[in-house]
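# Structural features, examined
Letter by letter, the chains look like this.
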Amino acid sequence: MTNVLLIIFIISLFYVSIANRLITYVRVLALQGFILFGVTFMQLKDIETWNLVLIMLETIVFKAIAVPMFLGYLIKRNKITRVAEPYLSNFMSLIIVTAIVVITVILANSIKDPLLDKIFFIVSLSTLFTGLYFIASRKKIITHVMGYLIIENGVFVLSLAAGNEMPNLVNLGIMLDVFASVLILGIFFNKIGDVFKDADVDRLTDMKDY
Amino acid sequence: MLSLVLILFCSLFFTGILIRTKSIASGRMGPGILQPIRDVVRLFKKGSVYSETTSIIFRIAPSVYFASVIMACLVIPFGADKGIVSFNGDFVFFAYILALGKFFTIISAMDTGSSFEGMGASREALYSMFAEPAFFILIGSFALLTGKTSFYEIFSSLQLGTSITYMLGGLAAAVLVMIAMIENSRMPVDDPKTHLELTMIHEVMVLDNSGFDLGLILTAGYIKFAMYGAIISGFFISGLSLPLSIALFLFIQFLFAIIAGVIESFMARFRMNHNPQFILALSSVSFLIFLGVLLVLEKFV
C-alpha cells in the first residue's frame, strides 16, 4: 500500500510538469501532503505514539493544509498572474521529468546495497531533482517557493525510509524548514509585492544598494 | 468466438449510452439508445458520391478501415475463451492492424486534395504516433509480469492479488480509457460535435465520405470503443465463471460508456498545442506501470 501511494506521488510530479495554472501547483502540493500523511501512517510503526502523532500533525497541518492555503492567499493578495509562465514548454518539461525518473531508476538499480529501500530512494531522489528543475525553469518567485517545497517533500520521503530508526531529529528539522522557508519567503514576497508590480525573478536583479 | 459476439453486441449500445449520458448531464432527454445504429442503417441504404479528383484509394479506404477494426477484434480473448486468432506477440498485430486502417483513412483524406483534410490527417497521424508508446509500454509491462506474449495468455495468467497489482490494473484501465478516447477522436483531444473544420481532427478526414462508406467508418468507430472496453475488462475477468464473467464484462462496458460520457460532458477540448503533452503524459504513466511491474517481480537488485 505504501508503494501504491508512492507511485501516485510520482504521477503527481508528472501532473505538475504539464500544469498551466498556479492554483494547480498549489492543489498538487496539498495532495502530496495528504499522500505523505498516508505514507507516514503506514511506514512508521516502531516509534512511540506521541512522536507519531507529532509527525502526522506536521504533515497534515503544514504540508497538506496550512502551506497550500497560505500560498493561495499570497497569489490572491499579490495579484500574481494565474499562469505559471515556464521558460521551457510543458512538453519539454514532461520529457525532462520523465527522463529524471528514468535516470533515477537506473541509478538506484546500480546501487548494490541490501539495506537501501529502493522505492523510497527512487521517489525521493526524483522528487528532489524535479523540484530543482522547477526552480530552474519557472519565471516567478512564487513557483520557486513551490519548487523548494517539492524538494522538501522529497527529503521527507527519504527520511521516512529511515524514520523508524531516528524519528525525532529528521522530522523536527523538516518542520522547521517548511515553516521558515514559507514564512520568510512570504514576508519577503509581500515586501516585494509593494515595491514591484509584477513578481518576476528577472526583476530581482534591479534590487541594488545605492 | 464469444468475445467477438460480445464486442459486436456491446457496440450496438455503446455510443447510444455515451450520447444519452451526455444528454442527461446537460439536462436534455436526448435521443434513444439505438439512435446511432438507426443512423448507420439509414446510411447503409444510400449510395456513395465520389469526387472526380479521387482515385481507387479513396474508394477502398473505408472498407480497409472497417476490416482492420474487425481483424483487431479477432485477437481479443474472453476469459478462458481464446480469441479466433491467437498467437505469440498478437498484441503487436493488434496495434499495427489498427495502424493499417488508420493509414488508409489518412491517405484517402490526402487523396481528396482538400486542404482541410490534409491538415486533419496530419493531426491524426501525430496523435496516434504519440499514443503508440503508451500502449506498447503498458501491454509490454504486463507481458513482462506474466511472462507470456499473447493477449489470451497474458489475461488468463494475470493474477490480481496484492494491493500493488490492483493499483497496476487500475492504472492500466485508466490509461486504456484515455487511449480509447484518443483513438476514437473523443473529447479531451478532439471534439466530435464541432462544426469548424479548423478545429476538427477525425471528422475533417471523413468530410468527403458519404452514404455507405460513411456508414462503414461510423460503425468501425462504434466497434472500436467496445473493443477497447473488452481489453479493459480483460484485466478484471480472468478466473471467473462464465455467467459471472459475462455479467462483469457487460457491466464494465456500461461503466466505460458512462465514464466516457462524463469525461465528454465535463472536460473542455484541449488547445491543439496542448494535446501532445497530454498524450505523452500517458506514456509516462505507462512507464510507471512498468516500474511497478519491476517492483512486483523484485527485479530491483
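Figured I'd write up the structure that's included with this text. (Residues numbered from 1 in each chain as written. Chains lettered and ligands numbered in written order. Predicted model: local features only at pLDDT ≥ 70, side-chain atom pairs only at ≥ 80, totals over all residues.)

### Here we look at the overall build of chain A
Here is the rule: Every helix listed is a DSSP run of H or I at least four residues long, and every strand listed is a run of E at least two residues long, numbered separately from the N terminus. As a rule, residues whose C-beta atom has 12 or fewer other C-beta atoms within 10 Å are exposed, those with 20 or more are buried, and those in between are partly exposed; C-beta atoms are placed from the backbone. Remark: residues whose backbone-derived C-beta atoms lie within 7 Å of one another are considered to be in contact.
Of the regular secondary structure elements, chain A holds eight helices and zero strands. Moving toward the C terminus, one meets the helices and strands of chain A in the order α-α-α-α-α-α-α-α. Here chain A, with 210 residues, has 40% of them falling under the buried criterion. At a minimum sequence separation of 6, the contacts of chain A that also span at least 24 residues come to 73%.

### Comments concerning the overall build of chain B
As a reminder, the rule being used: This radius of gyration counts C-alpha atoms alone. The globule rule is 2.2 Å times how many residues there are, raised to the power 0.38.
A tally of helices and strands in chain B yields 11 helices and zero strands. Ordered by position from the N terminus, the helices and strands of chain B form the series α-α-α-α-α-α-α-α-α-α-α. Radius of gyration (C-alpha) of chain B: 19 Å, near the 19 Å computed for a compact globule of 301 residues. If you line up chain B on its principal axes, its C-alpha atoms span 60 × 40 × 40 Å. For chain B, the share of sequence-separated contacts (at least 6 apart) that also reach a separation of at least 24 residues comes to 76%.

### What about helix α11 (residues 275-296) of chain B?
One turn of the α-helix equals 3.6 residues, which is why residues spaced by three or four share an orientation. Heads up, the condition is: Helix span, expected: 1.5 Å multiplied by one less than the number of residues in the helix.
Over its 22 residues, α11(B) extends 32 Å from the first C-alpha to the last, a length consistent with the 32 Å expected when each residue adds 1.5 Å. Positive phi appears at B:Glu298, one or two residues downstream of α11(B), with a value of about 55 degrees.

### Things to note about the environment of B:Arg269
Residue and element names in this part refer to chain B. The topology assignment puts Arg269 in the loop between α10 (242-266) and α11. Overall, the presence of 19 C-beta atoms within 10 Å leaves Arg269 in the partly exposed class. Counting along the chain gives 82 residues from Arg269 to Met187, while the straight-line C-alpha distance between them is 5.7 Å. Arg269 has contacts with Met187, Pro188 and Asp191, leaving out every residue within four places of it along the chain.

### Focus on helix α4 (residues 90-111) of chain B
In this model, α4(B) (22 residues) spans 31 Å end to end at C-alpha, consistent with the 32 Å of a helix rising 1.5 Å per residue. Directly after α4(B), the chain includes B:Gly113, whose backbone phi takes a positive value near 80 degrees.

### What to know about the environment of A:Glu85
Residues and elements named next belong to chain A. Here Glu85 lies in the loop between α3 (49-77) and α4 (90-110). For Glu85, a count of 12 C-beta atoms within 10 Å corresponds to the exposed category. For the pair formed by Glu85 and Leu22, sequence separation is 63 residues and the distance between their alpha carbons is 9.3 Å. Apart from the residues lying within four places of it in its own chain, the contact partners of Glu85 are Lys139 and Lys140.

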